[in-house]
Amino acid sequence: MTTIFYLSTIVAIVSTVMVITRKNAVHAVLYLLVSFFAVASIFFVLGAPFAAALEIIIYAGAIMVLFVFIIMLLNVSRYSGDPDPEWLRPTVWVGPVVLVVILAAQMVYVIVMGEWSATPLVEKTPKEVGMAMFGPYLIAVELASVLLFAGLLGAYHLGRRDDAATEERAEGS
Amino acid sequence: MIASVPLEHSLLAAAVLFALGLVGVLVRRNTVFVLMSIEIMLNAAGLAFVAAGARWGQPDGQIMFILILSMAAAEVSVGLALAFQFYRHFKSLDLDAGRTMRDWHV
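Definitions and limits used
- Residues numbered from 1 in each chain as written.
- Chains lettered and ligands numbered in written order.
- Predicted model: local features only at pLDDT ≥ 70, side-chain atom pairs only at ≥ 80, totals over all residues.
- Heavy atoms only, no water.
- Phe/Tyr/Trp six-rings, centres within 6.5 Å; stacked < 30°, edge-to-face > 60°.
- Helix = DSSP H or I, 4+ residues; strand = E, 2+ residues; numbered from the N terminus.
- Buried < 20%, exposed > 50% of the residue type's maximum accessible area, 1.4 Å probe, protein only.
- Axes fitted to C-alpha atoms, helices over the stretch in contact; angles between N-to-C directions.
- Parallel < 35°, antiparallel > 145°, perpendicular 65-115°, else oblique.
- Contact = heavy atoms within 4.5 Å.
- Nonpolar A, V, L, I, M, F, W, Y, C, P; charged D, E, K, R; others polar.
- Core = buried A, V, L, I, M, F, W, Y, C linked by side-chain atoms within 4.5 Å.
- Expected span 1.5 Å × (residues − 1).
- Buried area = accessible area lost by both parts, 1.4 Å probe.
- Salt bridge = Lys/Arg side-chain N within 4 Å of Asp/Glu carboxyl O.
- Polar contact = N/O pair within 3.5 Å; in protein donor to acceptor, adjacent residues only side chain to side chain.

Asks: Residue-level account of the packing of aromatic side chains, with values.
Replies: Residue and element names in this part refer to chain A. Per the counting criterion, the structure on display carries 3 aromatic pairs over all chains. Relative to tyrosine 59, the ring of phenylalanine 36 lies with its centre 4.6 Å away and its plane at 35 degrees, an arrangement referred to as tilted. Of this pair, phenylalanine 36 sits in helix H2 (residues 25-45) while tyrosine 59 sits in helix H3 (residues 49-74); the two residues are 23 residues apart in sequence, bridging distant segments of the chain. Across this residue pair, the class does not change: phenylalanine 36 and tyrosine 59 are buried.

Structure representation (C-alpha coordinates):
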(Lines give C-alpha, C1' and ligand atoms only; values in the text may rest on other atoms or scores of the structure.)
Protein backbone atom coordinates (compact mmCIF):
# COMPACT_ATOMS: atom_id res chain seq x y z
CA MET A 1 0.00 0.00 0.00
CA THR A 2 2.87 2.35 0.73
CA THR A 3 4.28 1.60 -2.71
CA ILE A 4 0.92 2.45 -4.25
CA PHE A 5 0.91 5.78 -2.43
CA TYR A 6 4.32 6.81 -3.73
CA LEU A 7 3.65 5.51 -7.24
CA SER A 8 0.36 7.42 -7.40
CA THR A 9 2.04 10.54 -6.10
CA ILE A 10 4.66 10.32 -8.83
CA VAL A 11 1.96 9.81 -11.46
CA ALA A 12 0.01 12.77 -10.10
CA ILE A 13 3.02 15.07 -10.11
CA VAL A 14 4.20 14.02 -13.58
CA SER A 15 0.76 14.45 -15.11
CA THR A 16 0.31 17.82 -13.38
CA VAL A 17 3.61 19.00 -14.80
CA MET A 18 2.37 17.89 -18.21
CA VAL A 19 -0.88 19.85 -17.69
CA ILE A 20 0.84 23.17 -17.14
CA THR A 21 3.29 22.69 -20.00
CA ARG A 22 0.97 21.55 -22.82
CA LYS A 23 0.21 23.83 -25.73
CA ASN A 24 -2.99 22.09 -26.76
CA ALA A 25 -5.83 22.52 -24.26
CA VAL A 26 -7.35 19.12 -25.01
CA HIS A 27 -4.06 17.36 -24.23
CA ALA A 28 -3.90 19.30 -20.97
CA VAL A 29 -7.42 18.13 -20.08
CA LEU A 30 -6.33 14.55 -20.77
CA TYR A 31 -3.38 14.87 -18.39
CA LEU A 32 -5.51 16.63 -15.79
CA LEU A 33 -7.86 13.66 -15.90
CA VAL A 34 -4.93 11.33 -15.20
CA SER A 35 -3.86 13.59 -12.34
CA PHE A 36 -7.32 13.40 -10.77
CA PHE A 37 -7.35 9.61 -11.05
CA ALA A 38 -3.95 9.46 -9.36
CA VAL A 39 -5.12 11.71 -6.54
CA ALA A 40 -8.20 9.51 -6.18
CA SER A 41 -6.00 6.47 -5.64
CA ILE A 42 -3.98 8.44 -3.07
CA PHE A 43 -7.25 9.12 -1.24
CA PHE A 44 -8.07 5.42 -1.36
CA VAL A 45 -4.71 4.52 0.17
CA LEU A 46 -5.19 7.16 2.86
CA GLY A 47 -8.37 5.41 3.96
CA ALA A 48 -10.85 7.80 2.36
CA PRO A 49 -12.78 5.72 -0.21
CA PHE A 50 -15.71 8.15 -0.24
CA ALA A 51 -13.44 11.05 -1.12
CA ALA A 52 -11.82 8.90 -3.82
CA ALA A 53 -15.21 8.13 -5.39
CA LEU A 54 -16.24 11.78 -5.24
CA GLU A 55 -12.95 12.84 -6.79
CA ILE A 56 -13.62 10.61 -9.77
CA ILE A 57 -17.32 11.39 -10.10
CA ILE A 58 -17.19 15.15 -9.67
CA TYR A 59 -13.68 16.23 -10.67
CA ALA A 60 -12.95 13.70 -13.39
CA GLY A 61 -16.58 13.38 -14.44
CA ALA A 62 -18.34 16.71 -14.13
CA ILE A 63 -15.69 19.40 -14.04
CA MET A 64 -13.68 17.91 -16.87
CA VAL A 65 -16.83 17.80 -19.01
CA LEU A 66 -17.21 21.53 -18.38
CA PHE A 67 -13.65 22.11 -19.56
CA VAL A 68 -14.18 20.02 -22.67
CA PHE A 69 -17.39 21.93 -23.39
CA ILE A 70 -15.72 25.30 -23.10
CA ILE A 71 -12.83 24.16 -25.29
CA MET A 72 -15.37 23.01 -27.87
CA LEU A 73 -17.30 26.29 -27.65
CA LEU A 74 -14.25 28.51 -27.90
CA ASN A 75 -12.44 26.36 -30.43
CA VAL A 76 -9.19 26.97 -28.55
CA SER A 77 -7.14 24.29 -30.20
CA ARG A 78 -7.72 24.96 -33.85
CA TYR A 79 -5.14 23.14 -35.87
CA SER A 80 -3.84 24.89 -38.90
CA GLY A 81 -5.05 22.94 -41.88
CA ASP A 82 -3.22 19.79 -40.92
CA PRO A 83 -5.21 16.99 -42.57
CA ASP A 84 -3.48 14.33 -40.51
CA PRO A 85 -5.42 13.91 -37.27
CA GLU A 86 -3.19 14.96 -34.45
CA TRP A 87 -4.16 12.09 -32.20
CA LEU A 88 -2.73 9.60 -34.68
CA ARG A 89 0.78 10.62 -33.75
CA PRO A 90 1.90 8.48 -30.81
CA THR A 91 3.64 11.36 -29.04
CA VAL A 92 0.24 12.76 -28.22
CA TRP A 93 -1.30 9.78 -26.47
CA VAL A 94 1.64 7.71 -25.26
CA GLY A 95 2.18 9.85 -22.14
CA PRO A 96 -1.34 9.59 -20.68
CA VAL A 97 -1.55 5.92 -21.63
CA VAL A 98 1.66 5.06 -19.74
CA LEU A 99 0.51 6.95 -16.64
CA VAL A 100 -2.94 5.36 -16.75
CA VAL A 101 -1.46 1.89 -17.18
CA ILE A 102 0.52 2.43 -13.96
CA LEU A 103 -2.69 3.35 -12.14
CA ALA A 104 -4.57 0.39 -13.66
CA ALA A 105 -1.78 -1.98 -12.59
CA GLN A 106 -2.10 -0.63 -9.05
CA MET A 107 -5.84 -1.24 -9.08
CA VAL A 108 -5.42 -4.79 -10.37
CA TYR A 109 -2.74 -5.40 -7.73
CA VAL A 110 -4.96 -4.19 -4.91
CA ILE A 111 -7.92 -6.24 -6.08
CA VAL A 112 -5.93 -9.42 -6.72
CA MET A 113 -4.00 -9.26 -3.47
CA GLY A 114 -7.23 -8.66 -1.57
CA GLU A 115 -5.55 -6.11 0.65
CA TRP A 116 -8.42 -3.70 0.46
CA SER A 117 -10.66 -5.84 2.63
CA ALA A 118 -8.07 -6.00 5.37
CA THR A 119 -6.92 -2.42 4.97
CA PRO A 120 -8.69 -0.06 7.20
CA LEU A 121 -7.72 0.50 10.75
CA VAL A 122 -8.51 4.17 10.41
CA GLU A 123 -10.58 4.03 7.25
CA LYS A 124 -13.44 6.45 7.35
CA THR A 125 -16.42 4.80 5.68
CA PRO A 126 -19.04 6.79 3.78
CA LYS A 127 -21.41 6.11 6.65
CA GLU A 128 -19.21 7.86 9.17
CA VAL A 129 -18.65 10.75 6.80
CA GLY A 130 -22.39 11.09 6.23
CA MET A 131 -23.16 10.93 9.93
CA ALA A 132 -20.68 13.70 10.63
CA MET A 133 -21.77 15.74 7.64
CA PHE A 134 -25.44 15.81 8.56
CA GLY A 135 -24.68 16.12 12.26
CA PRO A 136 -22.23 18.82 13.33
CA TYR A 137 -21.59 20.03 9.79
CA LEU A 138 -25.22 20.56 8.77
CA ILE A 139 -24.80 24.33 8.47
CA ALA A 140 -21.83 23.81 6.14
CA VAL A 141 -23.97 21.60 3.90
CA GLU A 142 -26.63 24.31 3.74
CA LEU A 143 -23.98 26.90 2.95
CA ALA A 144 -22.63 24.65 0.19
CA SER A 145 -26.11 24.46 -1.35
CA VAL A 146 -26.39 28.26 -1.24
CA LEU A 147 -22.94 28.50 -2.84
CA LEU A 148 -23.88 26.09 -5.61
CA PHE A 149 -27.07 28.04 -6.26
CA ALA A 150 -25.07 31.25 -6.47
CA GLY A 151 -22.68 29.53 -8.87
CA LEU A 152 -25.60 28.37 -11.01
CA LEU A 153 -27.07 31.86 -11.17
CA GLY A 154 -23.70 33.43 -11.84
CA ALA A 155 -22.87 31.03 -14.64
CA TYR A 156 -26.31 31.57 -16.16
CA HIS A 157 -26.00 35.33 -15.99
CA LEU A 158 -22.46 35.47 -17.34
CA GLY A 159 -22.95 32.82 -19.98
CA ARG A 160 -26.03 34.23 -21.63
CA ARG A 161 -25.74 35.85 -25.00
CA ASP A 162 -26.97 39.38 -24.33
CA ASP A 163 -28.27 40.25 -27.75
CA ALA A 164 -30.03 43.34 -26.45
CA ALA A 165 -26.82 44.97 -25.22
CA THR A 166 -24.98 44.09 -28.42
CA GLU A 167 -27.72 45.63 -30.54
CA GLU A 168 -27.71 48.77 -28.42
CA ARG A 169 -24.00 49.15 -28.90
CA ALA A 170 -24.32 48.57 -32.62
CA GLU A 171 -27.02 51.24 -32.86
CA GLY A 172 -25.06 53.68 -30.75
CA SER A 173 -21.89 53.47 -32.79
CA MET B 1 -0.76 -0.29 6.76
CA ILE B 2 -2.36 3.11 6.34
CA ALA B 3 -0.26 4.52 9.13
CA SER B 4 2.84 3.46 7.22
CA VAL B 5 2.48 6.53 5.02
CA PRO B 6 3.76 9.38 7.17
CA LEU B 7 1.71 12.56 7.24
CA GLU B 8 4.72 14.57 6.10
CA HIS B 9 4.89 12.70 2.82
CA SER B 10 1.27 13.22 1.89
CA LEU B 11 1.51 16.87 2.91
CA LEU B 12 4.64 17.13 0.79
CA ALA B 13 2.77 15.67 -2.18
CA ALA B 14 -0.03 18.18 -1.61
CA ALA B 15 2.50 21.01 -1.39
CA VAL B 16 4.18 19.96 -4.64
CA LEU B 17 0.83 19.76 -6.43
CA PHE B 18 -0.19 23.15 -5.04
CA ALA B 19 3.11 24.68 -6.14
CA LEU B 20 2.64 23.25 -9.63
CA GLY B 21 -0.82 24.79 -9.81
CA LEU B 22 0.56 28.12 -8.64
CA VAL B 23 3.29 27.97 -11.28
CA GLY B 24 0.60 27.27 -13.86
CA VAL B 25 -1.42 30.33 -12.78
CA LEU B 26 1.66 32.53 -12.88
CA VAL B 27 3.19 31.25 -16.10
CA ARG B 28 0.30 30.50 -18.44
CA ARG B 29 -1.64 33.30 -20.07
CA ASN B 30 -4.40 31.17 -21.58
CA THR B 31 -7.60 31.55 -19.56
CA VAL B 32 -8.49 27.87 -19.79
CA PHE B 33 -5.05 26.83 -18.52
CA VAL B 34 -5.25 29.28 -15.63
CA LEU B 35 -8.61 27.80 -14.62
CA MET B 36 -7.14 24.29 -14.82
CA SER B 37 -4.26 25.37 -12.58
CA ILE B 38 -6.74 26.75 -10.06
CA GLU B 39 -8.44 23.35 -10.09
CA ILE B 40 -5.06 21.72 -9.41
CA MET B 41 -4.50 24.01 -6.43
CA LEU B 42 -7.95 23.33 -4.97
CA ASN B 43 -7.37 19.62 -5.45
CA ALA B 44 -4.05 19.84 -3.61
CA ALA B 45 -5.74 21.64 -0.74
CA GLY B 46 -8.30 18.85 -0.59
CA LEU B 47 -5.49 16.30 -0.56
CA ALA B 48 -3.95 18.03 2.44
CA PHE B 49 -7.30 17.95 4.26
CA VAL B 50 -7.85 14.25 3.54
CA ALA B 51 -4.30 13.40 4.62
CA ALA B 52 -4.75 15.26 7.90
CA GLY B 53 -8.11 13.59 8.45
CA ALA B 54 -6.51 10.19 7.86
CA ARG B 55 -3.69 11.01 10.26
CA TRP B 56 -6.04 11.70 13.17
CA GLY B 57 -8.68 9.18 12.10
CA GLN B 58 -11.45 11.75 11.84
CA PRO B 59 -14.04 12.10 9.06
CA ASP B 60 -13.72 15.90 9.20
CA GLY B 61 -10.99 15.91 6.58
CA GLN B 62 -13.23 14.23 4.06
CA ILE B 63 -16.05 16.63 4.86
CA MET B 64 -13.78 19.59 4.21
CA PHE B 65 -12.80 17.90 0.95
CA ILE B 66 -16.46 17.63 -0.04
CA LEU B 67 -16.97 21.33 0.72
CA ILE B 68 -13.88 22.20 -1.35
CA LEU B 69 -15.30 20.03 -4.12
CA SER B 70 -18.61 21.91 -4.19
CA MET B 71 -16.73 25.21 -4.07
CA ALA B 72 -14.56 24.09 -6.98
CA ALA B 73 -17.64 23.12 -8.98
CA ALA B 74 -19.24 26.54 -8.43
CA GLU B 75 -15.94 28.29 -9.15
CA VAL B 76 -15.27 26.46 -12.38
CA SER B 77 -18.77 27.05 -13.76
CA VAL B 78 -18.56 30.79 -13.09
CA GLY B 79 -14.95 30.89 -14.28
CA LEU B 80 -15.70 29.18 -17.56
CA ALA B 81 -18.69 31.46 -18.15
CA LEU B 82 -16.34 34.39 -17.56
CA ALA B 83 -13.84 32.88 -20.00
CA PHE B 84 -16.64 32.61 -22.54
CA GLN B 85 -17.54 36.28 -22.10
CA PHE B 86 -13.87 37.22 -22.20
CA TYR B 87 -13.44 35.44 -25.49
CA ARG B 88 -16.50 37.11 -26.97
CA HIS B 89 -15.28 40.57 -25.97
CA PHE B 90 -11.61 40.31 -26.83
CA LYS B 91 -11.68 37.57 -29.49
CA SER B 92 -8.81 35.91 -27.67
CA LEU B 93 -8.18 33.86 -24.55
CA ASP B 94 -5.00 35.75 -23.73
CA LEU B 95 -5.46 37.14 -20.24
CA ASP B 96 -3.15 40.03 -21.08
CA ALA B 97 -5.80 41.23 -23.55
CA GLY B 98 -7.95 42.12 -20.55
CA ARG B 99 -5.17 44.01 -18.79
CA THR B 100 -6.93 47.31 -19.13
CA MET B 101 -10.55 47.77 -18.15
CA ARG B 102 -11.03 50.34 -20.88
CA ASP B 103 -12.46 48.05 -23.55
CA TRP B 104 -14.55 46.12 -21.08
CA HIS B 105 -18.17 47.13 -21.17
CA VAL B 106 -20.56 44.42 -20.09
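Asks: Give me the packing of helix H7 (residues 138-159) of chain A against helix H3 (residues 60-90) of chain B: which residues, what numbers.
Replies: Taken N-terminus to C-terminus, the directions of H7 of chain A and H3 of chain B make an angle of 10 degrees; their axes are 8 Å apart at the nearest point. Compared by their axis directions, H7 of chain A and H3 of chain B come out roughly parallel. Where H7 of chain A approaches H3 of chain B, its residues Ala140, Ala144, Leu147, Leu148, Gly151, Gly154, Ala155, Leu158 and Gly159 of chain A are matched on the opposing element by Leu67, Ser70, Met71, Ala73, Ala74, Ser77, Val78, Ala81, Leu82, Phe84 and Gln85 of chain B. For the contact of H7 of chain A with H3 of chain B, the class distribution of residues is 14 nonpolar, 6 polar and no charged.

Asks: Kindly report on the nonpolar core, identifying the contributing residues and their values.
Replies: Formed by 67 residues in total, the largest nonpolar core has its most connected members in Val19, Phe43, Leu46 and Phe67 of chain A together with Met36 and Leu47 of chain B. For this core, the elements supplying multiple residues, two or more each, are helix H1 (2-21), H2, H3, helix H4 (90-113) and helix H6 (126-133) of chain A together with helix H1 (7-27), helix H2 (31-55) and H3 of chain B. At 13 residues, H2 of chain A tops the list of elements feeding residues into this core. Look past the residues within four positions of leucine 47 of chain B in its chain and what remains in contact with it is Ile42, Phe43 and Leu46 of chain A together with Ser10, Ala13, Ala14 and Leu17 of chain B.

Asks: Tell me about H2 of chain A, and name the residues and values.
Replies: All names here are of chain A. Helix length check: H2, at 21 residues, gives a terminal C-alpha distance of 30 Å against a target of 30 Å (1.5 Å per residue), a fit within 8%. Counting buried positions along H2 yields 16 of 21 residues, so the element is predominantly enclosed. Glycine 47 occupies a position one or two residues after H2 and carries a positive phi of about 80 degrees.

Asks: Before we move on, could you go through the interface of chain A and chain B and cite the residues and values that matter?
Replies: With 66 residues of chain A in contact, the opposing surface of chain B contributes 58 residues. Summing both partners gives a buried area of about 5400 Å² for chain A against chain B, and 77% of it is carried by carbon and sulfur. The tally of links between chain A and chain B comes to 0 salt bridges. Counting across the interface, chain A meets chain B through 7 residue pairs in polar contact (both at pLDDT 80 or more). Secondary-structure elements contributing two or more residues to the side of chain A that touches chain B are H1, H2, H3, H6 and H7 of chain A. Partitioned by chemical class, the residues of the side of chain A that touches chain B number 44 nonpolar, 10 polar and 12 charged.

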